[in-house]
2 protein chains.
Amino acid sequence: MKTLILISHPKFEDSSTQQFLKTSFYSLDDVKYQVIDELYSETDGIDLEKEQTALKNFDRIVFQFPMYWYSSPASLKQFMDDVFTRNYIVANRSLKTKELGIVVTLGDTESDFQAGGAEQFTISELLRPFQAFAHKAGMQYLKPFVVNQFAYMDPDQKEKLLVDYLQYLSADMPLSLASREKWLVERLQATKESKTDDQQQAIDLVINSIEDQQNNVESLKEDVKMIRDQEE
Amino acid sequence: MKTLILISHPKFEDSSTQQFLKTSFYSLDDVKYQVIDELYSETDGIDLEKEQTALKNFDRIVFQFPMYWYSSPASLKQFMDDVFTRNYIVANRSLKTKELGIVVTLGDTESDFQAGGAEQFTISELLRPFQAFAHKAGMQYLKPFVVNQFAYMDPDQKEKLLVDYLQYLSADMPLSLASREKWLVERLQATKESKTDDQQQAIDLVINSIEDQQNNVESLKEDVKMIRDQEE
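Fair warning: this is a prediction, and the values are worked out from it, not measured in the lab.

**Some thoughts on the overall build of chain A**
Okay, so step 1: When you go through chain A residue by residue, the secondary structure sums to 10 helices and six strands.
Okay, so step 2: The dimensions of chain A, computed from C-alpha atoms along their principal axes, are 60 × 50 × 45 Å.
Okay, so step 3: Counting all 232 residues of chain A, 44% fall into the buried class.
Okay, so step 4: Pairs at least 24 residues apart make up 73% of the contacts formed inside chain A by residues separated by at least 6 positions.
Okay, so step 5: When the accessible area of chain A is evaluated, it comes to approximately 12,600 Å², of which 48% is carbon and sulfur surface.
Okay, so step 6: Positive and negative charge centroids in chain A, built from 25 and 39 side chains respectively, lie 6 Å apart.

**Here we look at the interface of chain A and chain B**
Okay, so step 1: Taken together, the contact between chain A and chain B spans 30 residues of the former and 30 residues of the latter.
Okay, so step 2: Across the chain A to chain B interface the summed buried area is about 2,600 Å²; carbon plus sulfur atoms make up 63%.
Okay, so step 3: One can count six salt bridges joining chain A with chain B.
Okay, so step 4: The shortest N-O distance in the salt bridge between B:R128 and A:E125 comes to 3.2 Å.
Okay, so step 5: Remark: the boundary between chain A and chain B carries 16 residue pairs in polar contact (both at pLDDT 80 or more).
Okay, so step 6: Within the residue set of the side of chain A that touches chain B, elements represented by two or more residues are α4 (74-83), α5 (86-91), α6 (123-126) and α7 (128-137) of chain A.
Okay, so step 7: With seven residues, α7(A) is the largest single contributor of residues to the side of chain A that touches chain B.
Okay, so step 8: Grouping the amino acids of the side of chain A that touches chain B by side-chain chemistry returns 15 nonpolar, seven polar and eight charged.

**Focus on the packing of aromatic side chains**
Okay, so step 1: Using the criterion set out here, one finds 22 aromatic pairs over all chains in the structure.
Okay, so step 2: Ring centres of A:F79 and A:F84 lie 5.9 Å apart, and the angle between their planes is 90°; this geometry places the pair in the edge-to-face category.
Okay, so step 3: You can call A:F79 buried: its relative accessible area is 0%.
Okay, so step 4: A residue is classified by how much of its surface remains accessible, and A:F84, at 2% relative accessible area, is buried.
Okay, so step 5: Centre to centre, the rings of B:F20 and B:F150 are 5.1 Å apart; their planes meet at 45°, and the pair counts as tilted. Here the residue B:F20 occupies a position in helix α1 (residues 16-25), and B:F150 occupies one in the loop between β6 (145-148) and α8 (155-170), the gap between them amounting to 130 residues.
Okay, so step 6: Through a chain of ring-to-ring contacts, the aromatic side chains of A:F63, A:F65, A:F79, A:F84, A:F130, A:F133, B:W69 and B:Y70 assemble into a single cluster.

**Concerning the UniProt feature "coiled-coil region" (unreviewed entry) in chain A**
Okay, so step 1: Look at the UniProt record and you will see "coiled-coil region" (unreviewed entry) annotated at residues 203-230 of chain A.
Okay, so step 2: Helix makes up 100% of residues 203-230 of chain A and strand 0%, with an end-to-end C-alpha separation of 41 Å.

**Remarks on the nonpolar core**
Okay, so step 1: Counting 70 residues, the largest nonpolar core has A:F63, A:F84, A:F133, B:F63, B:F84 and B:F133 as its most contacted members.
Okay, so step 2: Not counting residues up to four positions away in its chain, the partners in contact with A:F133 are A:M80, A:F84, A:I89, A:L100, A:M139, B:W69 and B:Y70.

**A word on the packing of helix α1 (residues 16-25) of chain A against helix α8 (residues 155-170) of chain A**
The geometry of a pair of packed helices is captured by two quantities: the angle between their axes and the separation between those axes.
Residue and element names in this part refer to chain A.
Okay, so step 1: Look at α1 against α8: their axes get within 10 Å of each other, and the N-to-C directions meet at 60°. Between α1 and α8, the angle falls in the class oblique. Taken as a pair, α1 and α8 cross one another with a handedness that is right-handed. Residue-level inspection shows F20, L21, S24 and F25 of α1 in contact with α8, the latter providing K158, L161, L162, Y165, L166 and L169.
Okay, so step 2: Taken together, the residues of the contact of α1 with α8 break down into eight nonpolar, one polar and one charged.

**Topic: the pairing of strand β2 (residues 31-35) of chain A**
Residue and element names in this part refer to chain A.
Okay, so step 1: Sheet topology note: the strand β1 (residues 3-7)/β2 ladder contains five bridges and is parallel. Along β2, the bridge assignment pairs L4 with K32.
Okay, so step 2: As for the winding sense of the linkage, the β-α-β connection from β1 through α1 to β2 is right-handed.

**Examining α4(A)**
Okay, so step 1: The element α4(A) is extensively covered by neighbouring structure, given that eight of its 10 residues are classed as buried.
Okay, so step 2: Of the positions making up α4(A), those classed as buried are A:A74, A:S75, A:L76, A:K77, A:F79, A:M80, A:D81 and A:V83.

**Describing the pattern of salt bridges**
Residues and elements named next belong to chain A.
Okay, so step 1: A complete count under the given rule lists 24 salt bridges over all chains for this structure.
Okay, so step 2: For E99, the salt bridge is made with R60, and the minimal N-O distance between the two is 2.7 Å. Of the two residues, E99 sits in strand β4 (residues 99-106) while R60 sits in strand β3 (residues 60-66), which places them 39 residues apart along the sequence. The two residues E99 and R60 agree in class, both being buried.
Okay, so step 3: We note a salt bridge from K182 to D172, for which the minimum N-O separation is 2.8 Å. With K182 in helix α9 (residues 177-192) and D172 in the loop between α8 and α9, this pair connects stretches of sequence that are 10 residues apart.
Okay, so step 4: Within the structure, one salt-bridge network assembled from shared partners comprises K160, D164 and R180.

Cut-offs applied
- The residue numbering used here restarts from 1 in each chain and proceeds along that chain's sequence as written.
- By the order in which they are written, chains take letters starting at A while ligands take numbers starting at 1.
- Predicted model: local features are reported for residues with pLDDT of at least 70 only, side-chain atom pairs are reported and counted for 80 or more only, and whole-chain, interface and lining totals are derived from all residues.
- Derived side-chain values reflect all non-hydrogen atoms in the structure, with water molecules and hydrogen atoms excluded from consideration.
- For helices the rule is a DSSP run of H or I covering at least 4 residues; for strands it is a run of E covering at least 2, with both sets numbered from the N terminus onward.
- Relative accessibility decides the category of a residue: with a 1.4 Å probe and only protein chains considered, values under 20% of the type maximum give buried, values over 50% give exposed, and everything between is partly exposed.
- Every residue pair with non-hydrogen atoms within 4.5 Å of one another is taken to be in contact.
- Accessible surface is estimated by sampling points in the Shrake-Rupley manner with a 1.4 Å probe; for residues, cover comes only from the protein chains shown.
- When charges are counted, Lys and Arg are positive and Asp and Glu negative, with His and the chain ends excluded.
- To locate a charge, take atom NZ for lysine, CZ for arginine, CG for aspartate or CD for glutamate.
- Accessible area that two parts lose when put together, evaluated with a 1.4 Å probe and summed over both, is termed the buried area.
- Each salt bridge in this description consists of a side-chain nitrogen of Lys or Arg and a carboxyl oxygen of Asp or Glu lying within 4 Å of one another.
- We define a polar contact as two N or O atoms separated by no more than 3.5 Å, with the added condition that, inside protein, one atom must be a possible hydrogen donor and the other a possible acceptor, whereas residues neighbouring each other in sequence contribute only through side-chain atom pairs.
- Lys, Arg, Asp and Glu make up the charged group, whereas Ala, Val, Leu, Ile, Met, Phe, Trp, Tyr, Cys and Pro make up the nonpolar group; the residues left over, Gly among them, are polar.
- To pair, rings of Phe, Tyr and Trp, with the six-membered ring standing in for Trp, must have centres within 6.5 Å; the planes then decide the type, stacked if under 30 degrees apart, edge-to-face if over 60, and tilted in the middle.
- UniProt positions are given in the numbering used here, feature names are shortened, and annotations may be inferred rather than shown by experiment.
- We call a set of buried residues a nonpolar core when its members are Ala, Val, Leu, Ile, Met, Phe, Trp, Tyr or Cys and they connect through side-chain atoms within 4.5 Å of each other.
- Lines are fitted to the C-alpha atoms to define the axes, a helix being fitted only along its stretch in contact, and any angle between axes, read from their N-to-C directions, falls within 0 to 180 degrees.
- Any angle from 65 to 115 degrees is called roughly perpendicular, while one under 35 is roughly parallel, one over 145 is roughly antiparallel, and all others are oblique.
- Each crossing gets its hand from how the near helix is turned against the far one by less than a right angle, where anticlockwise is left-handed and clockwise is right-handed.
- Pairs of strands are assigned from DSSP output, requiring at least two bridges between the strands.
- Whether a crossover is right-handed depends on one test, that the path from the first strand over the helix to the second runs clockwise when the strands point away from the viewer.

See below:
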């Protein structure tokens, strides 16, 4: 599965959150990214046809941005207005069946975003325009990935953020224990090749242990099902 | 009351809807407008301080735009990102108690905007980011003014649109029969000066007739109140 991250951030290079996330997804071969602001500043105007063609190569498109006035910064909207022509989206349905993910970073705490909270509305409500776009484009709208006050995270929280983020980019959706484990095994398999024999054996042990656990879970599920069936 | 219309439209001059609306508000002295796209294209960058100072002179600020992908075109968002700094809006609360209106024009029919409809979400839901902004800024969020498929309107519908639009720009909110009538009398008074004596007399007749009707309505309200009081 191929993923494109479209980043909208007027100060991408200065953002510690964005740089942290950027460092992490370098480890995934099938993940590409594009900073929209650089696309506009480095050229005289967007190459519509090039962008439209490029998008077709990906299965999952992720809009990644800090929340500015309850939406993305203007550059993502400019990109949508320019590249997502009515012809491309509605007539030709060029993005149909692809997935649309959203990675949004918040400066305020997420719990402010609810009725009665300081921000009054939920993230779900505020992102409705993107959800409506996905609906119109025939894309599958993924549950948004919210990065909540990155600046206050301790190292353990950052590590967890990293794994969750990488899974959001490349694991099968919707995320479940099974899809997360499948993703982890694939990652481990991919890293094996460049390692020494000893390390490869260690990785195999970890993979076996994960697969054993999966089998245990499967067998537990079977047991539960049997007990339920007997009760009925 | 002074009103500023901030228009976001990449092709303002070519839009028949926008040109129709523009012709109409020329008749109101206390209504100014600014096409944001022209502000950006005619200068090397926005004069932050000038824009921030100018906004303070108005009581009602109206964002006017065609709906592009379930939001405003990018230029309004760029203006918000540039001019509405956290300091200006949150720390200094510079727009506090002002009114925020939204005039949004739709190419599709408004009835598509509901659960189960082609667009799935209501206009209210899609404009949440603007409502959340008004909340944060301490502004009063006015009921959005939706212009529904202008291209298909007949002359009568356009005339009604015109009056409703002018009232949205300059009548007291929330709109009611009383505030609409007050607005109409003020408009008639304002046009009187440049007219001949005969015309002035005719206008006075219309004003008197409106005021008589207002008195009738008031007296009817009194009667209804008296009957209710007697019943209790």
